[in-house]
Amino acid sequence: MLDDPFVLAGRRFTSRLIVGTGKYRDLDQTREALARSGAEIVTVALRRIELKPGQGSLLDAIDPKRYALLPNTAGCYDAEEAIRTCHLARELGMTDFVKLEVIGDRRTLFPDVEETLRAARILVKEGFVVLPYTNDDPVMARKLEDAGCAAVMPLAAPIGSGLGIRNPHNLRIILESAKIPVIVDAGVGTASDAAVAMELGCHAVLMNTGIAGARDPLLMAEAMRDGVIAGRKAFLAGRMPRRLHAAASSPEGGLLE
Amino acid sequence: MEFIVTVNGAARTVPSGCTVAHLLEILEIDPRRVAVERNRDVVPRQSYGATHVEDGDQIEVVTFVGGG
């Protein structure tokens, strides 16, 4: 097996696929999709508990020994709300890892990078391992890295859109200078999108709807697992150069006359 | 004597002297599955038994749900 660990904030992981836990039919499907994806890091959201006893808890579906929890701040529109959510998540999840997500627009769910950066600076000082969702903007990626974030997570396309890698060139520019892991977060719609992200040299891919929104989420969980692995291997292998014209694969001499 | 507190946005009557631990018991909530905020400050898990709820408190009880 390839010895190619994914190192995030000093922790070593084998899988480079990070998956969300939203939008599944039920907890059984969530549990099975996570297992088939091979993911070791899973995102969760923080919400008010339903005051109706007897409801199944997501935490029953996620074995804390098997998965590292990555609480998100989805639904937060300013730094203060995001920080408040992180404080609660730390208490609840016993983890310093946070997926920082400060949304700036309800329709596109694009990040408010100004608020994201402001929150990131505060959270880093408070000892959080901050993984920020951001635009595919190399300048903002650099600022987040300078702020002490453990990774930078540019979107490939809007959250839940499944549009794939819309701007591979910007991701390449981010990758060129980043010294922290670059994780594509949002927009991956199918296995080839995940492979493209990895072939570009991204260190990991984070997705939710790409799996949960498939007709068969469990099969897609496997496809995404395989796509990420294939893309990573192709990146490490180094692709052949593109040529405009053909180059025969079979010997040109020794043909029958 | 009773207090009125707001739990997740809804008013609720609790006995005076009620602690966060007792409140969770009344609500039939497993304390290991939640985090609690009292007047916007996180209540550490180990302090549930020692933290008293006061009249007019704003309490938030949160848990993890599916999300991306």
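Residues numbered from 1 in each chain as written. Chains lettered and ligands numbered in written order. Predicted model: local features only at pLDDT ≥ 70, side-chain atom pairs only at ≥ 80, totals over all residues. Heavy atoms only, no water.

### Points about the overall build of chain A
Inference 1: A count of helical and extended segments in chain A gives nine helices and ten strands.
Inference 2: In terms of overall dimensions, chain A is globule-like: its C-alpha atoms have a radius of gyration of 20 Å, near the 18 Å expected for 257 residues.
Inference 3: Expressed as lengths along the three principal axes of its C-alpha atoms, the size of chain A is roughly 85 × 40 × 35 Å.
Inference 4: Classification of the 257 residues of chain A by burial places 50% in the buried group.
Inference 5: Sequence separation of 24 or more characterises 65% of the internal contacts of chain A that already satisfy a separation of 6 or more.
Inference 6: Summed over its atoms, the accessible surface of chain A is roughly 12900 Å², and 51% of this surface lies on carbon and sulfur atoms.
Inference 7: Treating the 32 positive side-chain charges of chain A as one cloud and the 33 negative ones as another, the clouds have centres 0 Å apart. (Helix = DSSP H or I, 4+ residues; strand = E, 2+ residues; numbered from the N terminus. Rg over C-alpha atoms; globule rule 2.2 N^0.38 Å. Buried < 20%, exposed > 50% of the residue type's maximum accessible area, 1.4 Å probe, protein only. Contact = heavy atoms within 4.5 Å. Areas by Shrake-Rupley, 256 points an atom, 1.4 Å probe, with all protein chains shown as cover. Lys, Arg positive; Asp, Glu negative; His and termini not counted. Charge placed at Lys NZ, Arg CZ, Asp CG, Glu CD.)

### Structural notes on a nonpolar patch on the surface
Inference 1: A cluster of nonpolar side chains, Leu2(A), Phe235(A) and Leu236(A), forms an exposed patch at the surface whose accessible area comes to about 270 Å².
Inference 2: You can see Leu2(A) is positioned in the segment before strand E1 (6-8). (Patch = residues over 30% accessible without salt bridge, like charges linked within 9 Å, V, L, I, M, F, W, Y side chains within 5 Å. Salt bridge = Lys/Arg side-chain N within 4 Å of Asp/Glu carboxyl O.)

### Concerning the packing of aromatic side chains
Residues and elements named next belong to chain A.
Inference 1: Counted according to the given criterion, the structure contains one aromatic pair over all chains.
Inference 2: Centre to centre, the rings of phenylalanine 6 and phenylalanine 13 are 6.4 Å apart; their planes meet at 45 degrees, and the pair counts as tilted. Take phenylalanine 6 and phenylalanine 13: they sit in the same class, and that class is buried.
Inference 3: Its guanidinium or amino end placed over the ring of phenylalanine 97, arginine 11 lies 5.5 Å from that ring's centre, counting from NZ or CZ. (Phe/Tyr/Trp six-rings, centres within 6.5 Å; stacked < 30°, edge-to-face > 60°. Lys NZ or Arg CZ within 6 Å of the ring centre and 35° of its normal.)

### Details of the interface of chain A and chain B
Inference 1: Contact with chain A, which involves 32 residues of that partner, is made by 28 residues of chain B.
Inference 2: Here chain A and chain B share four salt bridges between them.
Inference 3: Between Glu60(B) and Arg48(A) there is a salt bridge whose closest N-O contact spans 2.7 Å.
Inference 4: On inspection of chain A and its partner chain B, the count reaches 15 residue pairs in polar contact (both at pLDDT 80 or more).
Inference 5: Those elements that place two or more of their residues in the side of chain A that touches chain B are strand E4 (41-48), helix H2 (58-61), strand E5 (68-71) and helix H3 (79-93) of chain A.
Inference 6: Each residue belonging to the side of chain A that touches chain B can be placed in one class, and the counts come to 15 nonpolar, nine polar and eight charged.
Inference 7: Note: E4(A) against strand E5 (residues 58-66) of chain B, five bridges, orientation antiparallel. Residue pairing in the sheet places Leu46(A) in a bridge with Phe64(B) of E5(B). (Polar contact = N/O pair within 3.5 Å; in protein donor to acceptor, adjacent residues only side chain to side chain. Nonpolar A, V, L, I, M, F, W, Y, C, P; charged D, E, K, R; others polar. Pairing = 2+ DSSP bridges.)

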